[in-house]
Amino acid sequence: MTDFATSLRTHLAGSLRASHVGTSVRLGGWVHRSRNLGGIVFVDLRDRDGLVQLSFGTDWASAEAIAAAAAVGVESVVQVEGTVVLRDAATRNSEMGTGEIEVRATAIRVLGPAVTPAIPVARGKGEKLPAEELRLRHRYLDLRRPELQATLVLRHHLLQETRRYLAERGYLELETPILTKPTPEGARDYLVPSRVNPGEFYALPQSPQIYKQLFMTCGFDRYFQVARCFRDEDLRADRQPEFTQIDIEASFVDQEDILAMAEGLIGSLWRTGGQDAPAQFPRMTYADAMERYGCDRPDVRYGLEIADYSDAFRPLEFGITQAALARGDRIRGIRIPGGAAWSRKQVDELESLAKGAGAGGLLRVRKADGKYDGPIAKFLTPEAEQAIALEEGELALFVAAADRISNPALDRVRQECAARLGLASPDERRFLIVTDFPMFEQDPTTGALGAVHHPFTSPNAADMAAFPDEPHRWRATAYDVVLNGLELGGGSIRTHDPAVQSRMFALLGIGDTDEQERRFGFLLEGLRAGAPPHGGIAFGFDRITMLLAGATSLRDVIAFPKTTTARSLFEGAPTPVPPEGLAELHIRVQEG
């Protein structure tokens, strides 16, 4: 690859092929492995493009060069000179891109000697990786692994494709501030003290939400940004305190305009990652998703759908279900093919999952040898059995509770059953767009309203007209893009009328005009200056990369990630600050 030629090298090591036979080359890279066979020394040289085998033999290399090759330590940086030759047929390695050739080296120079690495970069077949904490502590070595390098190269290509796709459609890449105003959106802000304004703080942005809306009021019509965002929240495998999102906003659009653009972008990214995606994604309403799957991001690769069995249980003399129905709750459940053969222990494990998700327990019945069997079978009348309608070998599991309890419980049970039955094929990709989310969620105790997405989402105009005094019934013009049960991104059409936006704040408990101005005055000012209808979407770029790379954790697709305790092990952050540093920021740490 002549584009990589410099005064210190002519080619990338991993780019050499049979077409280079006879070429004199100068290479630079890291010593991956070395083998001293007495009369000849083999060194595998690694660079960003791959591996190539070097050979130092008495027929073409000096004794000094052979000795230097034998003495060089693994992971040392070297420069070598030699000639590309074909390997003997018996020694060719089909698992290496350079496996047909080797470089007969005549000279080697150590440019960067390396101490014995704390963790190995080269691994044999079947050899396990070191513990993740150890790899994160020595990330400079971990990132030398070809598989991690390939992931970061993929990340680069996905970034470039994002920019190409959106720029070609008139979107402008505009930047928003990193030091901004604290405006909590559901997670905690990271606060930054101001030295020159004692006692005052910036916040790191959880998203560029307000700024991208202000761009629309400025007339920048179509905006995007590969944005760094920060949220001080508990971590999981698919969460990091700092993350990257593809942030998009457009003016004079409706929901379908945004979704068509989103489908096209996702399709383009999936093709860049070597996979296919449909031109259009199926739509499902939030209400339908919750009713059938108990989840607003359902995995639709398999069935096991939730059904309402309240009518089947209504006539029965069974205290648990009678009490639930009397409260206005429902009896909902799923039928599991083949589940009748599961042991009591296996079903108890499912019940533990349901309890962990908030349910009081699972009601269970199965059909085996043509008969209903199980703890609740004795309560079932022939009419109830006919209504439940189990097939031979099926197990039915029910939750008698309010939907807010049964939904997460049955969703968790459904996912576990699918895993046991092998129903979720990793090679199957089922995209989905979920629409018509509730505008607000209502606290079951206090009745207070909270925004399901964020307070800048536009409520459904028809719902506002039909139920003016029942905002808990309003739907939002909000949407999520889902793949196999994972949310890829979400967005909404925004509120562009300042009077409606002010009412939304009031419904969320920010009714005082002065309080609205203090917290969101810069947005309201922009809307009062004349704002077009606008909306957008944001995609989790790290998660997209994780899926396309086939990784299991976001930490595998971020160069220097944090642990699940929000620590960066390589540089040792966060760290205490000396008292004089805190004093300069007008901060004092209070013990306990």
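For the structure itself, look to the data block above.
In this text, all values refer to a predicted model and were calculated from it rather than measured experimentally.

Parameters and conventions
- Residues numbered from 1 in each chain as written.
- Predicted model: local features only at pLDDT ≥ 70, side-chain atom pairs only at ≥ 80, totals over all residues.
- Heavy atoms only, no water.
- Helix = DSSP H or I, 4+ residues; strand = E, 2+ residues; numbered from the N terminus.
- Buried < 20%, exposed > 50% of the residue type's maximum accessible area, 1.4 Å probe, protein only.
- Contact = heavy atoms within 4.5 Å.
- Areas by Shrake-Rupley, 256 points an atom, 1.4 Å probe, with all protein chains shown as cover.
- Lys, Arg positive; Asp, Glu negative; His and termini not counted.
- Charge placed at Lys NZ, Arg CZ, Asp CG, Glu CD.
- Core = buried A, V, L, I, M, F, W, Y, C linked by side-chain atoms within 4.5 Å.
- Pairing = 2+ DSSP bridges.
- Axes fitted to C-alpha atoms, helices over the stretch in contact; angles between N-to-C directions.
- Salt bridge = Lys/Arg side-chain N within 4 Å of Asp/Glu carboxyl O.
- Parallel < 35°, antiparallel > 145°, perpendicular 65-115°, else oblique.
- Left-handed = near helix turned anticlockwise from the far one by under 90°.
- Expected span 1.5 Å × (residues − 1).
- Polar contact = N/O pair within 3.5 Å; in protein donor to acceptor, adjacent residues only side chain to side chain.
- Nonpolar A, V, L, I, M, F, W, Y, C, P; charged D, E, K, R; others polar.

Caption draft 1: Main features of the overall build of the protein chain. Looking only at helices and strands, the protein chain features 17 helices and 22 strands. The buried share among the 592 residues of the protein chain stands at 46%. Put simply, 66% of the contacts in the protein chain that link residues at least 6 apart link residues at least 24 apart. With an accessible surface of roughly 28700 Å², the protein chain has 51% of that area assigned to carbon and sulfur atoms. Taking the 68 positively charged and 81 negatively charged side chains of the protein chain as two groups, their mean positions are separated by 4 Å.

Caption draft 2: Main features of the nonpolar core. One finds Ile248, Trp270, Leu488, Ile537 and Phe539 to be the most contacted residues of the largest nonpolar core, which totals 34 residues. With eight residues, the top contributor of residues to this core is helix α6 (residues 255-272). Counting 23 residues, the second-largest nonpolar core is a separate cluster that includes Val52, Val72, Val78 and Val80.

Caption draft 3: Molecular detail of the sheet that holds strand β2 (residues 40-47). Ordered in space as β1-β2-β3-β5-β4, the five strands form a closed barrel in which the pairing is mixed. For this sheet, the mean angle separating the axes of adjacent strands, direction not counted, is 55°. Helix α1 (residues 63-71) rests against β1 (24-36), β2, β3 (50-57) and β5 (101-112) of the sheet, and its axis sits at about 75° to β5.

Caption draft 4: Just the pattern of salt bridges, in detail. Applying the stated criterion across every chain, the model contains 48 salt bridges. Between Lys345 and Glu349 there is a salt bridge, and its shortest N-O distance comes to 2.8 Å. Taken together, the positions of Lys345 and Glu349, both in helix α10 (residues 344-356) and four residues apart, correspond to about one turn of that helix. On the basis of relative accessibility, which here comes to 56%, the residue Lys345 falls in the exposed class. The class of Glu349 is partly exposed, set by a relative accessible area of 35%. A salt bridge links Arg528 to Glu517; the shortest N-O distance between them is 2.5 Å. Arg528 gets classed as partly exposed once you look at its relative accessible area, which sits at 48%. Judged by relative accessible area, Glu517 falls into the partly exposed class, the value being 30%.

Caption draft 5: Representation of the pairing of strand β16 (residues 395-401) in the model. Counting buried positions along β16 yields seven of seven residues, so the element is predominantly enclosed. Residues Leu395, Leu397, Val399 and Ala401 of β16 are buried on one face, and the alternating residues Ala396, Phe398 and Ala400, pointing to the opposite face, are buried as well. Two strands pair when backbone bridges link them, and strand β13 (residues 330-336) and β16 are joined in this way by seven bridges, in the antiparallel orientation. If you follow Ile331 over to β16, its bridge partner there is Ala400.

Caption draft 6: Inspection of the sheet that holds strand β10 (residues 242-251) at higher detail. Taken in spatial order, the eight strands make up an open sheet running β6-β9-β10-β22-β21-β20-β17-β11, and their pairing is mixed. Among the strands making up the open sheet, the edge pair consists of β6 (172-173) and β11 (283-285).

Caption draft 7: Highlighting the side chain of Ser194. Note that Ser194 resides in the loop between β7 (191-193) and β8 (201-203). In this view, Ser194 contacts Glu200, Tyr202 and His586; residues no more than four positions away in its chain are not counted.

Caption draft 8: Geometry of helix α5 (residues 209-217). Most of α5 is tucked away, with seven of its nine residues classed as buried. Every buried residue belonging to α5 is among Gln209, Ile210, Lys212, Gln213, Leu214, Phe215 and Met216, and all of these are buried. Against the buried residues of α5 lie β9 (222-230), β10, α15 (513-528) and β22 (534-540). In the stretch just after α5, Gly219 is the one whose phi turns positive, near 95°.

Caption draft 9: Here's a closer look at the packing of α5 against α15. Two elements in contact, α5 and α15, have axes separated by 9 Å at closest approach and are oriented at 20°. In terms of orientation, α5 lies roughly parallel with respect to α15. As α5 packs across α15, the resulting crossing turns out to be left-handed. On α15, the residues that touch Ile210, Gln213, Leu214 and Thr217 of α5 are Phe520, Phe522, Leu523, Gly526 and Leu527.

Caption draft 10: Focus on α15. Between its terminal C-alpha atoms α15 stretches only 15 Å, short of the 22 Å expected from 16 residues at 1.5 Å a residue. Within α15 the residues assigned to the buried category are Gln516, Phe520, Gly521, Leu523, Leu524, Gly526 and Leu527. On its buried side, α15 packs onto α5 and α14 (498-507). Between a side-chain oxygen at the N-terminus of α15 and the backbone nitrogen of Asp514 the separation is 3.0 Å; the capping residue is Asp512.

Caption draft 11: How the structure looks around the packing of α14 against α15. Direction vectors running N to C along α14 and α15 enclose 160°, while the axes themselves pass 10 Å from each other. By the criterion of interaxial angle, the relationship of α14 to α15 is roughly antiparallel. Note on packing geometry: the crossing formed by α14 with α15 is right-handed. Contact residues: Pro498, Gln501, Ser502, Phe505 and Ala506 in α14; Gln516, Phe520, Leu523, Leu524, Leu527 and Arg528 in α15. Per-class residue counts for the contact of α14 with α15 are seven nonpolar, three polar and one charged.

Caption draft 12: Up close: the side chain of Gln245. Inspection of the secondary structure puts Gln245 in strand β10. Side-chain polar atoms of Gln245 contact the side chain of Asp247, separated by 3.0 Å. Excluding anything up to four places from it in sequence, Gln245 contacts Ser207, Pro208, Gln225, Val226, Ala227, Cys229, Ala538, Phe539 and Phe541.

Treat this as a map of the structure, not an account of what it does.
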